[in-house]
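Architecture and fold: a report
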Amino acid sequence: MPFDPVQRERFRDDLRGLVRGDLLFDDINRNLYSTDASIFRVEPLGVVAPCDEEDVQAVVRYAIEQGIPLIARGAGSGLAGEALGSGLILDLSQHLRQILEVGADSVRVQPGVVLQTLNRRLAEEGRRFAPDPASGAVCTIGGMLATDASGSRLLKFGYTHDHVAACRVVLDTGEVVNAGREPVARPAESTSRFDKIVEETAHLLRWHRETIAATQPRTPYNRCGYRLSGVLEDGHLNVPRLLVGSEGTLAIFTEATLQTIPLPAGRSVLMFAFAELDLALQAIPMALAHGPVCCDLLDRRLVSLAQMSATETAPLLSDATEAVLLLEFEADHPTEARLLANRLIEQIHRQEHLSLRAQAAWEQHGMEQLWSLRDHALPSLYSLAYGPRPIALIEDIGVPPELLRTFVVRAQDVLQGQEITASFLVHAGTGQIHIRPFVDLRNPADQDRLFRLAEAIFSLTLEMGGTISTQHGTGLARTPWVARQYGPLYPVFRELKAIFDPKSIFNPGKIVAAEPHHVWWPIREALTEKPQTQPPASSEAEEPVVGSKDDTGPFLTLRREEIQKQVASCNGCGTCRVEASPQRMCPMFRVTHAEAATPRA
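Thresholds applied
- Residues numbered from 1 in each chain as written.
- Predicted model: local features only at pLDDT ≥ 70, side-chain atom pairs only at ≥ 80, totals over all residues.
- Heavy atoms only, no water.
- Helix = DSSP H or I, 4+ residues; strand = E, 2+ residues; numbered from the N terminus.
- Contact = heavy atoms within 4.5 Å.
- Areas by Shrake-Rupley, 256 points an atom, 1.4 Å probe, with all protein chains shown as cover.
- Pairing = 2+ DSSP bridges.
- Axes fitted to C-alpha atoms, helices over the stretch in contact; angles between N-to-C directions.
- Buried < 20%, exposed > 50% of the residue type's maximum accessible area, 1.4 Å probe, protein only.
- Salt bridge = Lys/Arg side-chain N within 4 Å of Asp/Glu carboxyl O.
- Phe/Tyr/Trp six-rings, centres within 6.5 Å; stacked < 30°, edge-to-face > 60°.
- Lys NZ or Arg CZ within 6 Å of the ring centre and 35° of its normal.
- Core = buried A, V, L, I, M, F, W, Y, C linked by side-chain atoms within 4.5 Å.
- Expected span 1.5 Å × (residues − 1).
- Polar contact = N/O pair within 3.5 Å; in protein donor to acceptor, adjacent residues only side chain to side chain.
- 1 Å grid on protein atoms, 1.4 Å probe; cavity = no way out; pocket = protein on both sides within 12 Å on 5 of 7 lines; lining within 4 Å.
- Points joined across faces, edges and corners; volume = space filled by probe spheres on them.

Some remarks on the overall build of the protein chain
The helix and strand inventory of the protein chain stands at 20 helices and 24 strands. Across the protein chain, every contact between residues at least 6 apart in sequence was considered, and the portion connecting residues at least 24 apart equals 72%. Of the accessible surface of the protein chain, which amounts to about 25,100 Å², a share of 51% is contributed by carbon and sulfur atoms.

Structure, rendered in C-alpha cells:
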C-alpha cells in the first residue's frame with residue numbers, strides 16, 4: 001500500500017497531536033527501518049516510537065480510522081522479514097523497556113526489555129527466563145512473544161508460550177485488555193470487544209477441532225501458522241498461548257507476565273568431533289537417551305569456520321573433523337552434571353568408537369570455550385562482502401527427530417542436484433535444521449535458483465510430516481507456503497485473523513496472505529547490487545566522501561569503495577544493538593536506544 005509524500009506529511013502532523021513519543025517520517029529513518037536481519041527490504045510510511053501504552057492505543061485508533069497497516073517491531077533481529085511493512089512501524093524497543101515487577105517465580109515486563117538485560121536482573125534472584133534464542137544479547141521480549149522464540153534448549157524448556165502466564169495487549173479498537181486463561185462463557189449483555197473475540201474464537205476452535213487435530217505436523221516442534229491446538233481446554237481460552245507466535249497480526253503486546261525458573265546448580269558441556277557426518281548422526285540417539293538440555297550438530301563448513309575463528313578451541317579439532325556435536329547437561333548438583341557427561345563420553349567415544357575426539361567442561365570458562373565453536377562459526381558465515389553468501393530463507397525447517405538422518409541425506413541430494421552448496425546447523429534433539437545455501441543474489445539466475453531450492457526443500461519437509469517453520473518465524477519468507485502445510489486448516493487461520501483484526505491492520509501479509517501461494521520476496525538492493533571494481537576517474541574520488549569534524553579533527557573517514565564494502569558485508573542481524581558493557585559498540589545507542597545510533601544504521 002504506497003503512500004505519497006502529501007499523505008505522509010498529513011499523517012505525521014495528525015500523529016504529532018496524538019502521541020508523545022518519537023515520530024520518524026524522514027527519508028533516512030524510513031530507510032533505516034526498511035530492513036531487518038532478513039534479506040528483504042520494504043520501505044515504511046513512517047516510524048512511531050511510543051513512549052507508553054497510551055501512545056500505542058492512540059496510534060492503533062488512528063491507524064484503524066485511516067486504514068494504515070501497523071507493524072510492531074523490537075530489535076529487528078528476525079530472519080523472516082516479519083517486522084517489515086509499508087505502513088507504520090511501531091518501534092517498541094526504544095522506550096517501553098521497564099522491568100515492572102519481579103516476583104518469586106515470575107516477572108512482569110514491557111515489550112522493549114532485552115532478554116540479556118532481563119536475565120541479568122533475574123540472576124540476582126537466582127532465576128532466569130528459560131527460552132534462549134541465539135540473538136538473546138539484543139532481542140526484545142516483545143519480539144520473542146511475537147515469534148514464540150525458543151533456542152538451543154528447546155528440547156528441555158520449550159517455547160516462549162510455555163512460559164507466559166498473562167499478557168496485556170492493545171486490540172484493533174485501541175482497547176487495552178489483560179489477557180490470560182479466559183472463561184469462554186462471557187456475560188450475555190456484554191458489549192466488550194474482548195468478550196466478543198473470546199466468544200467467537202472459542203466457537204471457531206470448537207467447530208474445527210477435528211481439522212485442527214488432523215492437520216498438525218508429525219513433529220511437536222512447530223512454529224508455522226497460528227497455534228490452535230491446546231488453546232481451548234476445560235471451558236477456557238488460553239489467550240496468551242494463542243497470541244504468542246502470531247507475529248503481531250492479531251494484537252499488540254504492551255506487557256507480559258513471564259514465569260521464571262531457577263538457575264541450574266550444575267552444568268556440563270560436551271564436544272564430540274567426528275570424521276564423518278553420518279557418524280555424528282548415528283551418535284545422536286545415544287546422546288539424547290542421556291537427557292541433554294540441548295544437542296547441536298555443526299557440519300564441515302561450520303567446523304572449518306570455527307577452526308579459523310575460535311582460536312582457543314580450534315586446536316581440539318583435527319583437519320579430519322567433518323562434524324561436531326555439542327551437548328549441554330543441567331543437574332541439581334555439579335557432580336551429577338559431570339557424571340552425565342562422563343557416561344556419554346564412555347559410550348560414544350570409548351565403547352562405540354564413533355568420535356575422533358571427546359572433550360568435556362564444567363567450569364564456566366571451559367564451557368564458554370566449547371560453545372564458542374558454534375558462536376564463532378555462525379557470524380563467520382557472513383564475513384564475505386561479495387560473491388555467494390549464506391542466505392537465511394529455508395533455515396527454519398523441522399522434521400520428526402527419528403527421520404533427521406534420512407532428511408539430511410535427501411536434502412544434500414537436492415542441493416547437489418541444483419549445484420548449490422550449503423551449511424547445516426542441526427538442533428538434533430528437536431529435529432530442527434538450519435540450512436544456509438550459498439547463493440549470489442546479485443545474479444538473477446541465483447535468485448531463481450533460491451526459489452526453486454526453497455520449493456524443493458519445503459516439499460521434502462512436508463512430505464516427511466515436518467514443518468517449514470520451527471523457530472525463526474513465518475514473515476515474508478514462509479507465508480506463501482503456510483496454506484500448503486495446513487491445507488483445510490488455512491481457511492480457519494483466515495477466520496481467526498478476521499475475528500481479531502477485521503480490517504487487516506495488524507502486520508498484514510504475514511501468516512495469512514492476500515494471495516495464498518503467491519511468493520513476494522522484496523530482496524534488498526544492497527544484496528543485489530554489483531560492487532564497483534574501479535574507482536571513479538575523478539581525482540575527487542581520492543578524498544573521503546564521508547567525514548565529520550570537530551575541534552579535534554576528522555573522526556570518520558571512509559572512501560566510497562569502503563562504504564560500499566561495509567554495507568555489503570552487514571547482514572543486518574542487529575548484533576550491534578548489544579547493551580552489555582564489555583562488548584564494544586556505539587555508546588550513543590546505549591544511551592538513546594535509537595535505531596539511528598546502531599552501527600548497522
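After presenting the structure, the write-up continues.
Some details on the side chain of Asn-222
One can find Asn-222 in the loop between helix H8 (209-214) and strand S11 (232-233). Not counting residues within four places of it along the chain, the set of residues in contact with Asn-222 comprises Tyr-159, Gln-216, Pro-217, Arg-227, Thr-467, Ser-469, Gln-485 and Tyr-486.

Quick look at the sheet that holds strand S8 (residues 164-170)
Read from one edge to the other, the open sheet built from 5 strands follows the order S5-S6-S13-S8-S9, with strand pairing classed as antiparallel. One side of each edge strand has no neighbouring strand; the edge strands of this open sheet are strand S5 (99-102) and strand S9 (176-179). The average angle at which neighbouring strand axes cross in this sheet is 15 degrees, direction not considered. Sheet analysis places strand S6 (residues 106-109) next to strand S13 (residues 252-259), joined by 4 bridges and oriented antiparallel. For Val-107, the partnering residue across the bridge sits in S13 and is Leu-258. Seen against the sheet, helix H4 (residues 115-123) touches S5, S6 and S13 and runs at an angle of roughly 30 degrees to S5.

Quick look at the sheet that holds S11
Taken together, 3 strands build an open sheet; the order of strands is S10-S12-S11 and the sheet is antiparallel. Single-partner strands in this sheet number two, and they are strand S10 (181-183) and S11. The pairing of S11 with strand S12 (residues 236-238) spans 2 bridges and is classified as antiparallel. The partner of Glu-233 across the bridge, within S12, is His-236.

Focus: the environment of Ile-99
Position of Ile-99 among the secondary structure elements: in strand S5. The class for Ile-99 is partly exposed, based on a relative accessible area of 28%. When residues no more than four places from it in sequence are discounted, the contact partners of Ile-99 are Val-107, Arg-108, Val-109, Val-113, Thr-117, Leu-118 and Arg-121.

A closer look at the environment of Glu-455
By secondary structure assignment, the location of Glu-455 is in helix H15 (residues 444-463). Between the C-alpha atoms of Glu-455 and Trp-481, which are 26 residues apart in sequence, the distance is 8.8 Å.

Some points on unusual backbone geometry
For Glu-419, which is not glycine, the phi dihedral falls at a positive 55 degrees. Judged by relative accessible area, which is 70%, Glu-419 ranks as exposed. The backbone of Ser-504 shows a phi angle near 50 degrees, a positive value even though the residue is not glycine. Tracing the backbone through its elements, the reader meets Ser-504 in the loop between helix H18 (490-500) and strand S23 (546-550).

Here's the deal with the pattern of salt bridges
Inspection of the entire model under this criterion finds 35 salt bridges. Its salt-bridge partner being Arg-153, residue Asp-132 comes within 2.4 Å of it at the nearest N-O pair. Of the two residues, Asp-132 is situated in the loop between strand S7 (127-128) and helix H5 (141-147) and Arg-153 in the loop between H5 and helix H6 (154-157); the sequence distance between them amounts to 21 residues. Arg-153 shares its class with Asp-132; the two are buried. Look at the salt bridges and you will find they share partners, linking Glu-9, Arg-12, Asp-13 and Arg-16 into a network.

Here we look at the packing of aromatic side chains
A complete count under the given rule lists 9 aromatic pairs for this structure. With a centroid separation of 5.6 Å and an interplanar angle of 90 degrees, the aromatic rings of Tyr-226 and Phe-493 are classed as edge-to-face. In this pair, Tyr-226 is assigned in the loop between H8 and S11 and Phe-493 in helix H18, connecting sequence segments 267 residues apart. Both residues of the pair, Tyr-226 and Phe-493, count as buried. Each residue in the set Phe-451, Phe-458, Trp-481 and Trp-521 is aromatic and connected to the rest through ring pairs, giving one cluster. The aromatic ring of Tyr-159 is capped on one face by Arg-227, whose charged end is 5.7 Å from the ring centroid.

As for the nonpolar core
With 112 residues, the main nonpolar core has Ile-141, Leu-228, Phe-272, Phe-407 and Ile-435 as its most contacted residues. Val-56, Val-60, Ala-63 and Val-170 belong to the second largest nonpolar core, which has 25 residues in total.

What to know about helix H3 (residues 53-66)
For an α-helix, the turn length of 3.6 residues means that residues three or four places apart are oriented alike. With 14 residues, H3 should reach 20 Å at 1.5 Å per residue; the first-to-last C-alpha distance of 20 Å fits that figure. In terms of residue burial, H3 counts as a mostly covered element, since 10 of its 14 residues are buried. Sitting at the head of H3, Asp-52 places a side-chain oxygen 3.3 Å from the backbone nitrogen of Glu-54. Looking at the residues trailing H3, positive phi occurs at Gly-67, about 70 degrees.

Quick notes on the layout of surface pockets
The computed volume of the second largest pocket comes to approximately 480 Å³. Lining the second largest pocket we find 20 residues, and of these Leu-476, Pro-508, Gly-509, Lys-510 and Trp-520 sit closest to its centre.

These results come straight from atomic positions and should not be treated as a statement about function.
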